[in-house]
Amino acid sequence: MRLNGIIRALESGPGIAFTSFVQTEIENAVNFAQSGNDGLVFEMEHNPWDINALRVAMQFLLLREQIIKAGSIANPMTPMVRIPPSGSEMNQWFAKQALDLGAYGIVWPRISNSAEAYNAVAACRYPRLPERAPYEPAGLRGDAPMAAARYWGLSQQEYYKRADVWPLVPEGEILVALMIEDVDGVNNIETILKEVPGIGVLLLGEGDLSQQLGCPRDYDNPELLRMMAHVLEVGKAYNVAVGHPHMTKQNARQIVDQGYRFLMSYPRRDFSALETGRNVVQGA
Ligand SMILES: C[C@H](O)CC(=O)C(=O)O
């Protein structure tokens, strides 16, 4: 039984997963858990690294009615976490803390080259001896999965068997998503995919990329679009899903047709009913 709903979606049917960045708060977890999507990414890169808030929000993804209806221990809504450090910081401990709470994957900001990509995958794997394949990327994760095993609904030994990166380990339940959001990352993308196994998703950061290109958040800039198309094509050639961070009602059809497979939005609270009410009162 597949536990990670995002991997399940990538492996089946059209191979497309629907997710969203979500603030690490109870209300957002409860609301998004009922949205019918495959998973979410708690956005902790540009928010405080509040590990207790993450622990609490993850618990509030679990809705009894959904669990009973699904008849499965798998989370109906799969949580991943976008951690704060950029790839160049060669960090590991943020991933370790999120995985140890039971996160099913990590989104790594600003990965620019193979060494950073290798570190990202290695941080999500337990160490093993070289004779036990697949050895590379050689695991760096420390061992304390009690809370994670409980969250996944498994014994600790069962957790160990499945706590590896997909698709390098086909039964692995941990998804490593690398954000490609600078020019070096775009230029190095083919080398990264050639040299580093275990990458599940390449997620484009069109905001950051456009910032570097001198056209901040101008999503129609031709150079930005050329770079995004390049990552998309290389991802397709290596059969690695490429993600789009800003699906809107306007671009949804286009990005599906282009072949993006990890589709994200950024939910905003909708106060349009109040605006309508104000307009009614003001006679507009
Ligand atoms: C939601 C964010 O805008 C995604 C991102 O990091 C980007 O660079 O774009």
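As the structure is a prediction and not an experimental result, all values here were calculated from the model.

Trainee: It is not clear to me how a nonpolar patch on the surface should be interpreted in this structure. Could you clarify?
Mentor: On the surface, Ile26, Val56 and Phe60 cluster together into a nonpolar patch covering about 210 Å² of accessible area. Residue placement: isoleucine 26 occurs in helix H2 (residues 26-33). Classification of isoleucine 26 by relative accessible area gives partly exposed; the value is 33%.

Trainee: I tried to follow the UniProt feature "domain: HpcH/HpaI aldolase/citrate lyase" (unreviewed entry) in the protein on my own but got confused; where do I start?
Mentor: The UniProt record marks residues 30-262 with the feature "domain: HpcH/HpaI aldolase/citrate lyase" (unreviewed entry), using the residue numbering of this structure. Overall, residues 30-262 shows 41% helix and 14% strand. The separation of its end C-alpha atoms is 22 Å.

Trainee: So what exactly am I meant to see when it comes to the packing of helix H3 (residues 51-59) against helix H5 (residues 93-101) here?
Mentor: Think of two packed helices as two axes; the pair is described by the angle between the axes and how far apart they sit. Running from amino to carboxyl end, H3 crosses H5 at an angle of 30°, the nearest separation of the two axes being 10 Å. Judged on the interaxial angle alone, H5 and H3 are roughly parallel. As for the relative orientation of H3 and H5, their crossing is right-handed in sense. Together, Ile51, Leu54, Arg55 and Met58 of H3 and Gln97, Ala98 and Leu101 of H5 make up the contact between the two elements. Taken together, the residues that form the contact of H3 with H5 break down as five nonpolar, one polar and one charged.

Here is what the cut-offs are and how they apply
- Numbering of residues starts from 1 in every chain and runs along the sequence as written.
- Since the coordinates come from a predicted model, pLDDT governs what is reported: local features require at least 70, and pairs of side-chain atoms require 80 or more to be given and counted, while whole-chain, interface and lining totals use all residues.
- Calculation of side-chain values draws on the structure's entire complement of heavy atoms; hydrogens and water are dropped beforehand.
- Candidates for patches are residues over 30% relative accessible area with no salt bridge; among them, like charges are joined within 9 Å and nonpolar side chains (Val, Leu, Ile, Met, Phe, Trp, Tyr) within 5 Å.
- Shrake-Rupley sampling with a 1.4 Å probe provides the accessible areas, and residues are treated as covered by the protein chains on show and by no other component.
- By convention in these notes, a salt bridge is any Lys or Arg side-chain nitrogen within 4 Å of a carboxyl oxygen on Asp or Glu.
- Counting from the N terminus, the helices are DSSP H or I runs at least four residues long and the strands are E runs at least two residues long.
- Residue exposure (1.4 Å probe, protein chains only): buried if accessible area is under 20% of the type maximum, exposed if over 50%, otherwise partly exposed.
- UniProt positions are given in the numbering used here, feature names are shortened, and annotations may be inferred rather than shown by experiment.
- Only C-alpha atoms enter the line fits that serve as axes; for helices the fit covers just the stretch in contact. Angles between N-to-C directions range over 0 to 180 degrees.
- Should an angle fall under 35 degrees it is taken as roughly parallel, and over 145 as roughly antiparallel, whereas 65 to 115 is taken as roughly perpendicular and any remaining angle as oblique.
- Left-handed describes a crossing whose near helix is turned anticlockwise from the far helix through less than a right angle; right-handed describes the clockwise counterpart.
- Contacts are residue-level and defined by heavy atoms, with any inter-residue pair within 4.5 Å sufficient.
- For this scheme, ten residues count as nonpolar: Ala, Val, Leu, Ile, Met, Phe, Trp, Tyr, Cys and Pro. Four count as charged, namely Asp, Glu, Lys and Arg, and the remainder, Gly too, count as polar.

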